[in-house]
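Descriptive structure summary
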Amino acid sequence: MTDLLPRDVLTDILRRVAPCGLAISRCVCKPWCNIIDTHRLLHVDLLPHLIGGIFINFHDLCLSSEFFSRPSTGPIVSGNFNYLPHASVVRDHCNGLLLLHCYAYEPATLYYVVNPTTQEDDVDLGMVDVGNLYLAFDPTLSSHFEVLLIPKASASRHRTELDPRVKGMEWPSSPYMLHVFSSRAKQWKERPFVRGDEAAGTLTNLRPG
Amino acid sequence: MAAPESGDGNNGAARMVTLISSDNTRFEVEAAAASLSQTLQLTILDGGGGGGDGIPLPNVDSATLSKVLEYCIKHAPAAANGGAPNATAVDRAELERFDNEFVNIDQSVLYSLIMAAHNLEIEGLQSLVAKKVADMIKGKSPMEIRRTLGFPDPTPEEQAEMNAHMLEYGWAYE
């Protein structure tokens, strides 16, 4: 039936096929493949994610992350980051990107964001303050990623007397300033975030006894 | 001669137009229903299709035209309300039920409808039939799609090409 349809009618039909179906439709015959490619109908980034493998952190053993994969015909992912200067542990991941923490004595903290599929365009996050890092990456919106640094709350780390000026202060404060690394700007910047809910308490009553 | 201002004729009766299929069958239908076709709308606005004239449709046979008009008559009231933004949920559910039933047809009929919807530029019907074909593709392997849509069996070259394409994105088919 469809080989009798004019090209623009067939295009209109294929336009309505979901990404998975389009990926398959590309294989049906040459004319279909041509239409899908010429009109850029297939958005690969909207295809469901394929699990190429998993990284496992053996926390008790203080080793690098180990990569496990299944034999598959999909894109080949490598867990080998030997080309990085130090052994590394996966700290976070988001939509195919990995945030690696590399063991090194000097400087003490080295972080990289890498793409295990391409093994290209590693990004060195440079000097990083103490805290937990989280990776944010959505390839359907942008090819750039961001890393958020959530500082460790110093109020609970030191059992010294609180400065009277901050005693009644709400925690976390709002707006809360976070360090954000943008791969677009290739640098860290402070960015304010507004708390969406009630404060957890004041600095005074949040301190451990 | 000036065209009538509105589709409604005298005495509250709706203005009628006549459509003539490729096999010379005459269909009398309300102008509002026929106007769902962008192609016909211009002629009708110019005052054509009334009286003994009739609008010839050399590309549409009577079986297909009667099916197309069934769709137009059902959808005309909602279209007159500007896509019926204030239609009740019941009305919309009824139209949806009608649409589902409407495209539950043989492929040869579906093919004629696709071509007619395209030639007559009936937007709602175009998307309805296109969606029907898209649904027929959904969840099938390339080979199943070929069989469903009546493609001939692939030549060895075509088969090789299909296999190569499958390696690229075929994993999307699980």
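This text follows the structure it describes.
Residues numbered from 1 in each chain as written. Chains lettered and ligands numbered in written order. Predicted model: local features only at pLDDT ≥ 70, side-chain atom pairs only at ≥ 80, totals over all residues. Heavy atoms only, no water.

Re the pattern of salt bridges
Residues and elements named next belong to chain B.
- Inspection of the entire model under this criterion finds eight salt bridges over all chains.
- In this structure, the salt-bridge partner of Asp-135 is Lys-131, at a minimum N-O distance of 3.4 Å. One end of the pair is Asp-135 and the other is Lys-131, both in helix 6 (residues 123–137) and four residues apart, which spans about a single turn.
- Asp-135 gets classed as partly exposed once you look at its relative accessible area, which sits at 38%.
- Residue classification places Lys-131 among the partly exposed positions, given a relative accessible area of 48%. (Salt bridge = Lys/Arg side-chain N within 4 Å of Asp/Glu carboxyl O. Helix = DSSP H or I, 4+ residues; strand = E, 2+ residues; numbered from the N terminus. Buried < 20%, exposed > 50% of the residue type's maximum accessible area, 1.4 Å probe, protein only.)

Quick word on the environment of Leu-47 of chain A
Residue and element names in this part refer to chain A.
- Structurally, the position occupied by Leu-47 is in the loop between helix 3 (30–38) and strand 1 (54–56).
- Relative accessible area serves as the criterion here: at 4%, Leu-47 is assigned to the buried category.
- For the pair Leu-47 and Cys-20, spaced 27 residues apart in sequence, the C-alpha separation works out to 6.0 Å.

What to know about the packing of helix 3 (residues 62–80) of chain B against helix 5 (residues 107–120) of chain B
Residues and elements named next belong to chain B.
- Two numbers describe how helix 3 lies on helix 5: the axes approach to 10 Å, and their chain directions differ by 70°. Judged on the interaxial angle alone, helix 5 and helix 3 are roughly perpendicular. As for how helix 3 packs across helix 5, the hand of that crossing is right-handed. In this structure, helix 3 contributes Thr-64, Lys-67 and Val-68 to the contact, and helix 5 contributes Ser-112, Leu-113, Ala-116 and Leu-120.
- When the residues that make up the contact of helix 3 with helix 5 are grouped by side-chain class, the tally is four nonpolar, two polar and one charged. (Axes fitted to C-alpha atoms, helices over the stretch in contact; angles between N-to-C directions. Parallel < 35°, antiparallel > 145°, perpendicular 65-115°, else oblique. Left-handed = near helix turned anticlockwise from the far one by under 90°. Contact = heavy atoms within 4.5 Å. Nonpolar A, V, L, I, M, F, W, Y, C, P; charged D, E, K, R; others polar.)

Side note on a nonpolar patch on the surface
Residues and elements named next belong to chain A.
- Together, Ile-51, Ile-54, Phe-58, Leu-61, Leu-63 and Phe-68 give the surface a local cluster of nonpolar side chains, amounting to about 600 Å² of exposed area.
- Position of Phe-58 among the secondary structure elements: in the loop between strand 1 and strand 2 (66–68).
- Taking relative accessible area as the criterion, Phe-58 reaches 34% and is therefore assigned partly exposed. (Patch = residues over 30% accessible without salt bridge, like charges linked within 9 Å, V, L, I, M, F, W, Y side chains within 5 Å. Areas by Shrake-Rupley, 256 points an atom, 1.4 Å probe, with all protein chains shown as cover.)

Quick look at the packing of aromatic side chains
- One pass over the structure, following the stated rule, counts six aromatic pairs over all chains.
- The interplanar angle of 65° and the centroid separation of 5.5 Å between the aromatic rings of Phe-181 of chain A and Trp-188 of chain A together place this pair among those described as edge-to-face.
- Judged by centre distance (5.7 Å) and plane angle (50°), the rings of Tyr-71 of chain B and Phe-102 of chain B are tilted. Highlighted residues: Tyr-71 of chain B in helix 3 and Phe-102 of chain B in helix 4 (residues 89–102), separated in sequence by 31 residues. Across the pair, exposure class does not vary: Tyr-71 of chain B and Phe-102 of chain B are buried alike. (Phe/Tyr/Trp six-rings, centres within 6.5 Å; stacked < 30°, edge-to-face > 60°.)

A closer look at the sheet that holds strand 11 (residues 187–193) of chain A
All names here are of chain A.
- Strand order in the open sheet formed by four strands is 7-8-10-11, and the pairing between neighbours is antiparallel. At either margin of the open sheet sits one strand with a lone partner, and together these are strand 7 (131–137) and strand 11. Adjacent strand axes in the sheet meet at a mean angle of 30°, parallel and antiparallel pairs treated alike.
- Across four bridges, strand 8 (residues 145–151) lies against strand 10 (residues 176–182) in antiparallel orientation. Bridging across to strand 10, Leu-149 finds its partner in His-179. (Pairing = 2+ DSSP bridges.)

Looking at the interface of chain B and chain A
- Contact with chain B, which involves 31 residues of that partner, is made by 32 residues of chain A.
- Roughly 2,700 Å² is buried in total at the junction of chain B and chain A, and carbon and sulfur atoms are behind 76% of that figure.
- Run the count over chain B and chain A and you get one salt bridge.
- Here Glu-161 of chain B ties to Lys-30 of chain A by a salt bridge, and the two come within 3.8 Å at their closest N and O atoms.
- Going through the elements one at a time, helix 5, helix 6, helix 7 (142–148) and helix 8 (156–169) of chain B are the ones with two or more residues in the side of chain B that touches chain A.
- Considering only residue class, the side of chain B that touches chain A consists of 19 nonpolar, seven polar and five charged. (Buried area = accessible area lost by both parts, 1.4 Å probe.)

Function cannot be inferred from these measures alone, as they are strictly geometric.
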